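Residue-level structure breakdown
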Amino acid sequence: MARRGHRPSQQQGARPRLWGRHPVIAALANPERTVRKIWGTREALAALDLPPMLPIVYADVADLGRLVPGDAPHQGLVAEVDPLEDVWLGDLLDQGAADQRPLIVLVQVTDPHNVGAILRSAAAFDALGIVTQDRHSPPESGALARAASGALETVPWVRVVNLARALEEMAEAGFWRIGLTGHATQTLAQAMGSQRIAIVLGAEGEGMRQNTEAHCDELAKLPISSKVESLNVSNAAAIALYAVAAR
């Protein structure tokens, strides 16, 4: 693939370990992913179609538990993998040039469970991809992959150094950038129109920084009850993606 546009972050160095049936099977099925080693119970491994050259270690449940964080639901499978190669924003924008798939932009969302859940929603609603800041996003990990339930392998994830520049590049590609924030005066439905949409979400509590809001075309809110101050960022992302798909 030709590489063009906003430069992504440097490749992560450490090899993550993925656990659980969905993340491991999705990693094995992803041609862009290199699986280096797999541990598993005989029962769990027997159900997989494994490459003949892949190193396999048969292990019992207790041994597998020592390979992952405490109480991680490994379901009899653990895999060591290489991090995915960087995705360039320009390439991703080119891939979506002929369709209306939305982008999700995350601002300082660092919880791996939230990012994983957002990847899962992005897969469910056929988003073009997600974009995060290099220094304010979690690395690939077993916890993130587990929350994504396989979507880490299917949804493009762009990490950028300069988010403001990345938002400018999205605008040049024809995306209408909508920042979700509780102090907006209009709802997401009122802000959308018919353009290609990039939904920008900030971390819980801190929300979006002023500079990020300045690089949005519109600010909007979800029409939630006054009984609740805000939604978890992964819930907000899922609702926003549904609203874009249903417009």
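Residues numbered from 1 in each chain as written. Predicted model: local features only at pLDDT ≥ 70, side-chain atom pairs only at ≥ 80, totals over all residues. Heavy atoms only, no water.

**What to know about the pairing of strand β5 (residues 103-107)**
Along β5, five of the five residues are buried, which leaves the element largely enclosed by surrounding structure. Of the two faces of β5, the one holding L103, V105 and V107 and the one holding I104 and L106 are both buried throughout. Handedness of the crossover is the feature at issue here: the chain leaves β5, passes through helix α5 (residues 112-124), returns alongside strand β6 (residues 129-133), and the resulting connection is right-handed. Here β5 runs beside strand β9 (residues 196-202); their pairing, made up of five bridges, is parallel. Bridge pairing links L106 to L201 in β9. (Buried < 20%, exposed > 50% of the residue type's maximum accessible area, 1.4 Å probe, protein only. Helix = DSSP H or I, 4+ residues; strand = E, 2+ residues; numbered from the N terminus. Right-handed = clockwise from strand over helix to strand, strands pointing away. Pairing = 2+ DSSP bridges.)

**Quick word on the packing of aromatic side chains**
For the structure shown, the criterion picks out one aromatic pair. Relative to Y242, the ring of F125 has its centre 6.2 Å away and its plane inclined at 70°; by these criteria the two rings are edge-to-face. Pair noted here: F125 is in the loop between α5 and β6 and Y242 is in helix α10 (residues 233-246), with a separation of 117 residues, a long-range link. Among the residues examined, F125 registers a relative accessible area of 29% and is labelled partly exposed. A residue is classified by how much of its surface remains accessible, and Y242, at 52% relative accessible area, is exposed. One cation-aromatic arrangement involves R42 over Y58; the distance from NZ or CZ to the ring centre is 4.1 Å. The ring of W157 has R159 sitting right over it, with the charged end atom 4.0 Å from the ring centre. (Phe/Tyr/Trp six-rings, centres within 6.5 Å; stacked < 30°, edge-to-face > 60°. Lys NZ or Arg CZ within 6 Å of the ring centre and 35° of its normal.)

**Points about the packing of α5 against α10**
Here α5 crosses α10 at 15°, and the two axes come no closer than 8 Å. Regarding the angle of α5 to α10, the classification is roughly parallel. Note on packing geometry: the crossing formed by α5 with α10 is right-handed. Where α5 approaches α10, its residues N114, A117, I118, S121 and A122 are matched on the opposing element by V233, S234, A237, A238 and L241. A breakdown of the residues in the contact of α5 with α10 according to their chemical character gives seven nonpolar, three polar and no charged. (Axes fitted to C-alpha atoms, helices over the stretch in contact; angles between N-to-C directions. Parallel < 35°, antiparallel > 145°, perpendicular 65-115°, else oblique. Left-handed = near helix turned anticlockwise from the far one by under 90°. Contact = heavy atoms within 4.5 Å. Nonpolar A, V, L, I, M, F, W, Y, C, P; charged D, E, K, R; others polar.)

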